[in-house]
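Spelled out from the first residue to the last, the chains are:
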Amino acid sequence: MLIDMDDTILSAYSKPEAAWLAVAHEFAAELAPLLPTEAAAAIAAAGRRFWASAEAHWRLKLNEARHVVVADGFATLAATGRRAMSQDFCIRIANRYGLYREEQMTLFPGVHEAIDALKLHGVKLALVTNGAAETQRAKILRFALANRFDHIQIEGEHGFGKPEERAYTHAMDALGVTARDTWMIGDNLEWEVVTPQRLGIYAIWMDAHGDGLPEGSTIKPDRIIRSLSELLPA
């Protein structure tokens, strides 16, 4: 099994609208007369625009990416006649968002138990995660994941990441398995379903919050789960 980390093992970056709203409320006095709800909605929309076309290198520079997103969100509001925000303020609210995400980050229930049980059943396990080396390695240590996997593959350490095909083939080579013997589990439909299926890997989509597939999606995971424990033998 090739298993994603963020929002598959860890509750990390999902529901950005709610996270931006929580942070905006902390800055309510400085935002006035702009409402926190307005600021959060504009920043979240800017984030969707940014990540829809962002190049891969931005995944290794999340803090800088958030600075760009926040500045764009407030620039959009200013273009409609709302109050303009300084660069310093944009950086402060973006940095606070990063800290807020770290504070709220937790393991999904039963993750350690599920991974340990899979290993006892003889399943070869690889953690395959995108992101910067320092950031992702810190999560692995913080949440006691390092010794639970036969192979750990971080984009920032290897120089490539999902959905590049070599991200999957390299992990399979490290485990000594072929695509027909492999499952990929994760929350990103493009990274954990589309490309793995093209390589012949059984693709399992993690829908931790039970939201279901996006409306109009043509992507069909081989299986949908809400918890890694669902992968354990009956």
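Residues numbered from 1 in each chain as written. Predicted model: local features only at pLDDT ≥ 70, side-chain atom pairs only at ≥ 80, totals over all residues. Heavy atoms only, no water.

**Student:** Explain the overall build of the protein chain to me, using residue names and the numbers behind them.
**Tutor:** Counting secondary structure elements, the protein chain contains 10 helices and 8 strands. Scaling as 2.2 N^0.38, a compact globule of 234 residues should have a C-alpha radius of gyration of about 17 Å, and the protein chain matches this with 19 Å. In terms of its C-alpha atoms, the protein chain occupies a principal-axis envelope of roughly 60 × 35 × 35 Å. When burial is assessed residue by residue, the protein chain has 45% of its 234 residues classed as buried. By element, 54% of the accessible surface of the protein chain is carried by carbon and sulfur atoms, the whole surface being about 11400 Å². Looking at charge distribution, the protein chain has the averaged site of its 24 positive side-chain charges lying 1 Å from that of its 31 negative ones. (Helix = DSSP H or I, 4+ residues; strand = E, 2+ residues; numbered from the N terminus. Rg over C-alpha atoms; globule rule 2.2 N^0.38 Å. Buried < 20%, exposed > 50% of the residue type's maximum accessible area, 1.4 Å probe, protein only. Areas by Shrake-Rupley, 256 points an atom, 1.4 Å probe, with all protein chains shown as cover. Lys, Arg positive; Asp, Glu negative; His and termini not counted. Charge placed at Lys NZ, Arg CZ, Asp CG, Glu CD.)

**Student:** Can you tell me about the pattern of salt bridges, naming the residues and giving the values?
**Tutor:** For the structure on display, the rule yields 16 salt bridges. Among the salt bridges present, the one from aspartate 6 reaches lysine 139, with a minimum N-O distance of 3.0 Å. In this pair, aspartate 6 sits in the loop between strand E1 (2-3) and strand E2 (10-11) while lysine 139 sits in helix H7 (residues 133-142), placing the two residues 133 residues apart along the sequence. Among the residues examined, aspartate 6 registers a relative accessible area of 12% and is labelled buried. Classification of lysine 139 by relative accessible area gives buried; the value is 5%. Aspartate 72 is the partner of arginine 49 in a salt bridge, and the nearest nitrogen-oxygen pair spans 2.8 Å. Of this pair, arginine 49 sits in helix H3 (residues 36-53) while aspartate 72 sits in helix H4 (residues 62-78), and the two are 23 residues apart along the sequence. Assessed through its relative accessible area of 41%, arginine 49 is described here as partly exposed. According to the relative accessible area criterion, aspartate 72 is partly exposed, its value standing at 31%. Look at the salt bridges and you will find they share partners, linking Asp4, Lys162 and Glu192 into a network. (Salt bridge = Lys/Arg side-chain N within 4 Å of Asp/Glu carboxyl O.)

**Student:** I'd like a rundown of the environment of threonine 129, residues and numbers included.
**Tutor:** Assignment of secondary structure puts threonine 129 in strand E4 (residues 126-129). For the pair threonine 129 and aspartate 6, spaced 123 residues apart in sequence, the C-alpha to C-alpha distance is 7.5 Å. Those residues in contact with threonine 129, other than ones at most four positions away along the chain, are Met5, Asp6, Gln136, Gln153, Ile154, Glu155 and Lys162. Within the structure, threonine 129 has its side chain in polar contact with the side chain of glutamine 136 (distance 2.7 Å). (Contact = heavy atoms within 4.5 Å. Polar contact = N/O pair within 3.5 Å; in protein donor to acceptor, adjacent residues only side chain to side chain.)

**Student:** Before we move on, could you go through H3 and cite the residues and values that matter?
**Tutor:** With 18 residues, H3 extends 26 Å between its outermost C-alpha atoms, agreeing within 8% with the 26 Å of an ideal straight helix rising 1.5 Å per residue. All of the buried residues along H3 are Pro36, Ala39, Ala40, Ala42, Ile43, Ala44, Ala45, Ala46, Gly47 and Phe50. In this fold, the buried residues of H3 make contact with helix H1 (16-26), helix H2 (28-31) and H4. (Expected span 1.5 Å × (residues − 1).)

**Student:** Break down H4 for me, with residues and values.
**Tutor:** Look at H4: 24 Å from first C-alpha to last across 17 residues, which is about the 24 Å you get at 1.5 Å a residue. Within H4, burial applies to Ala65, Arg66, Val69, Val70, Gly73, Phe74 and Leu77. Buried positions in H4, seen along its axis, are confined to an arc of 160° and lie on one side of it. Contacts from the buried residues of H4 go to H1, H2, H3 and helix H5 (87-104). (Arc of directions from axis to C-beta.)

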